[in-house]
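Inside the fold
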Number of protein chains: 2
Amino acid sequence: MFAKLCGPVPLINFRTAKCFYKPRQLNKFYNIIARANCSASSSFLCDKNVIFVAGLGDIGLDTSKELLKRDLKNLVILDRVDKPELVCELKELNPKVKVTFMPYDVTVPLAESKKLLKKIFDKLKCVDILINGAGILDDHKIEATIAVNYTGLVNTTTAIMDFWDIRKGGPGGIICNIGSVTGFNPITQVPVYSGSKAAVVNFTSSLAKLAHITGVTAYTVNPGITRTSLVAKFNSWLDVEPDVAELLLEHPTQSTKECAASFVKAIEKNKNGGLWFLDQGILEDIKWDKHWDPCI
Amino acid sequence: MFAKLCGPVPLINFRTAKCFYKPRQLNKFYNIIARANCSASSSFLCDKNVIFVAGLGDIGLDTSKELLKRDLKNLVILDRVDKPELVCELKELNPKVKVTFMPYDVTVPLAESKKLLKKIFDKLKCVDILINGAGILDDHKIEATIAVNYTGLVNTTTAIMDFWDIRKGGPGGIICNIGSVTGFNPITQVPVYSGSKAAVVNFTSSLAKLAHITGVTAYTVNPGITRTSLVAKFNSWLDVEPDVAELLLEHPTQSTKECAASFVKAIEKNKNGGLWFLDQGILEDIKWDKHWDPCI
């Protein structure tokens, strides 16, 4: 995959290399992955096969539209509920791109996720990018929030590794996980949601650092407060602040269109380990504090 | 509760105050909570009723022993598996403290957690501190890791609010959640576990900031690598590093006893919002970066 993105890179057997080098020495393989990022450009998405989980959602739909301004090869939208009129609208936006829809609930068991992905891989042969965007915001629903926002994202990511992991002969791939600014610092009134997004941010930063083993790079896009139906009205934990939505919306927010534009820019930057902060036209790669180091 | 800990504090109806003051002005109530922390001392735990979820675990057991060097009133240990010989041992350590055991699996539905807590509150009348310590470390078990480490902790916390929330006439309380240094920066080889701990850290920091509404203060204790049976051997995600346990243990680690000593010191400091880093005798309150602010 790296070769495809960036031109030739030296052939390395990552698994063997791991046997001969101490963990810190493996950093040189990180450098190869870093060089693979060089190709980020406005033509980056050209001819790519992209799976977009929740690509019909509020941020999802406008991001799908933004993606369709580029000449992808395939955009496979997985979402819980089919909205045929929206899929039709997307299909008409760019006739060069094949848009397909398949129903998918991220809370299904891992085996189900793998089955669905197998169907997609059988059809497309290769997939370049997986966008994990399923999310709910309702702190009355503890189990559902965590199951969708974190467990579902982990399962979908784990499922695609069967097809991408270079240790299994796969070609590698790119994972774009939708986190949230609340994963950096919470909206305290929705601690369950915010915690689930912190999990996504932390999980994805690990994936990025495992890229030398798996061949799969990863980053998060973390939108600020975006004017979606999700945010228009939502429950706070134990109703600690019944007006949380209204209070949030009193401050500057971004539209889903603004968010989508930054989102696709982040995808085009294709930075392994990127912690993208997206708010009101800002697209910034957050630097995370190092509080400790496991040294392995 | 604050009065009990610190001597008289002005009587405030927090709910009414919330109606009259803008969110930022409510900071003055935070100050009251901050003053409530003044009582932190070696006699802090004297005469307290403490519930300890997973108080028979590896870190849990030594922490229970350390707690029993203080003259608590009650130590109620909730754990998945009864280990009568350990409970007997604990009971003998300090005859002034009533040690009881009740079976509890944190993955039960919220209603079950509330039922169990009702039994405890009916018996003890008041509970001062809840320690949430249930955790598993096995990145082959995605659902279980998240259900125990995050969902279970959120549910137990949510359940106790029925008895503590000052909006319901409760006396307030103190929540001590066991996070992990991996919640700050991951052990990349166990991304699922690390993510679940990031969720705990983020969730708890919200609880702390909600204390002016709920009367319940909160902090995390975040142990570094501790020589427990959990760490002796564990599965990495997709076996990205089969020797992850051995590699970790090549570096300086702490014993469960060292960890327990710092743990109880942190409890005695009783700092709302504390992000305690516990490693090899170090006990440090981590300062978290502010990347954004919801302004509410």
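Residues numbered from 1 in each chain as written. Chains lettered and ligands numbered in written order. Predicted model: local features only at pLDDT ≥ 70, side-chain atom pairs only at ≥ 80, totals over all residues. Heavy atoms only, no water.

Per an unreviewed UniProt entry, chain A is named Alcohol dehydrogenase, and its organism is Drosophila pseudoananassae nigrens. The annotation that UniProt attaches to chain A under Sequence similarities (unreviewed entry) is "Belongs to the short-chain dehydrogenases/reductases (SDR) family." Heading Subunit (unreviewed entry) of the UniProt record for chain A holds this comment: "Homodimer." (UniProt positions renumbered as here; feature names shortened; annotations may be inferred.)

1. Section: the overall build of chain A
The helix and strand inventory of chain A stands at twelve helices and eight strands. A total of 296 residues make up chain A; the buried ones form 60% of that total. The contacts in chain A between residues at least 6 apart in sequence include a share of 72% that link residues at least 24 apart. (Helix = DSSP H or I, 4+ residues; strand = E, 2+ residues; numbered from the N terminus. Buried < 20%, exposed > 50% of the residue type's maximum accessible area, 1.4 Å probe, protein only. Contact = heavy atoms within 4.5 Å.)

2. Some details on the interface of chain A and chain B
The interface is formed by 58 residues belonging to chain A together with 58 residues belonging to chain B. Summed over both sides, the interface between chain A and chain B buries roughly 5,300 Å², with carbon and sulfur atoms accounting for 66% of that surface. If you sort the residues of chain A by the area they bury against chain B, His291, Trp292 and Ile296 of chain A come out on top, with a joint share of 15%. The interface formed by chain A and chain B includes zero salt bridges. Viewed at the interface, chain B and chain A are joined by 28 residue pairs in polar contact (both at pLDDT 80 or more). Take the side of chain A that touches chain B: its biggest share by element is 13 residues, from helix α8 (residues 191–209) of chain A. Classifying every residue of the side of chain A that touches chain B gives 31 nonpolar, 18 polar and nine charged. (Buried area = accessible area lost by both parts, 1.4 Å probe. Salt bridge = Lys/Arg side-chain N within 4 Å of Asp/Glu carboxyl O. Polar contact = N/O pair within 3.5 Å; in protein donor to acceptor, adjacent residues only side chain to side chain. Nonpolar A, V, L, I, M, F, W, Y, C, P; charged D, E, K, R; others polar.)

3. Notes on the environment of Val201 of chain B
All names here are of chain B. Its location among the elements puts Val201 in helix α8 (residues 191–209). On the basis of relative accessible area, Val201 is assigned to the buried category, the value being 3%. Counting along the chain gives 126 residues from Val201 to Leu75, while the straight-line C-alpha distance between them is 25 Å. Residue contacts for Val201: discarding those within four places in its chain leaves Ser180, Gly183, Phe184, Thr220, Asn222, Leu275 and Trp288.

4. Quick look at the packing of helix α4 (residues 58–67) of chain A against helix α5 (residues 84–93) of chain A
Residues and elements named next belong to chain A. Between α4 and α5, whose axes approach to 9 Å, the crossing angle comes to 20 degrees. As summarised for this structure, α4 and α5 are arranged roughly parallel, according to the angle between their axes. The two elements α4 and α5 cross, and the hand of that crossing is right-handed. Here Leu61, Ser64 and Lys65 of α4 lie close against α5, whose contacting residues are Leu86, Glu89, Leu90 and Leu93. Across the contact of α4 with α5, the residue classes break down as four nonpolar, one polar and two charged. (Axes fitted to C-alpha atoms, helices over the stretch in contact; angles between N-to-C directions. Parallel < 35°, antiparallel > 145°, perpendicular 65-115°, else oblique. Left-handed = near helix turned anticlockwise from the far one by under 90°.)

5. What to know about unusual backbone geometry
With a phi close to 65 degrees, Cys295 of chain A is a non-glycine residue in the positive phi region. With respect to the secondary-structure elements, Cys295 of chain A resides in the segment after β8 (282–285). Of note in the backbone geometry, Ala54 of chain B takes a positive phi value of approximately 70 degrees without being a glycine. In this fold, Ala54 of chain B is placed in the loop between β1 (49–53) and α4 (58–67).

6. Some remarks on the relation of the copies chain A and chain B
Screw-axis analysis of chain A against chain B gives a translation of 0.0 Å along the axis, an RMSD of 0.0 Å, and a rotation angle of 180 degrees. Within this description, the copies of the chain are treated as partners about a two-fold rotation axis. Taking C-alpha positions as the reference, the residue of chain A nearest the rotation axis is Ala199 of chain A, at 2.4 Å. In this assembly, 100% of the residues forming the interface of chain A have copies in chain B that are likewise at the interface, indicating an isologous arrangement. (Least-squares fit on C-alpha atoms with pLDDT ≥ 70 in both.)

7. Overview of helix α7 (residues 142–164) of chain A
Residues and elements named next belong to chain A. Taking 1.5 Å as the rise per residue, α7 with 23 residues should run 33 Å; its terminal C-alpha atoms sit 32 Å apart, in good agreement. The sharpest bend along α7 reaches about 35 degrees and sits at Thr151. Counted residue by residue, α7 has 19 buried out of 23 residues, so it is predominantly covered. (Expected span 1.5 Å × (residues − 1). Bend = angle between axes of the 7 residues up to and from the residue.)

8. Here we look at the pairing of strand β7 (residues 275–279) of chain A
Residues and elements named next belong to chain A. With five of its five residues buried, β7 lies for the most part within the structure. Of the two faces of β7, the one holding Leu275, Phe277 and Asp279 and the one holding Trp276 and Leu278 are both buried throughout. Looking at chain direction, β7 and β8 are connected through four bridges and run antiparallel. Paired with Leu278 across the two strands is Leu283, which belongs to β8. (Pairing = 2+ DSSP bridges.)

9. Some remarks on the environment of Val181 of chain B
As for its placement among the helices and strands, Val181 of chain B is situated in the loop between β5 (173–178) and α8. Note: C-alpha distance between Val181 of chain B and Asp279 of chain B (98 residues apart in sequence) is 9.1 Å. Discounting residues that sit within four places of it in the chain, Val181 of chain B has contacts with Trp292 of chain A together with Asn222, Pro223, Gly224 and Phe277 of chain B.

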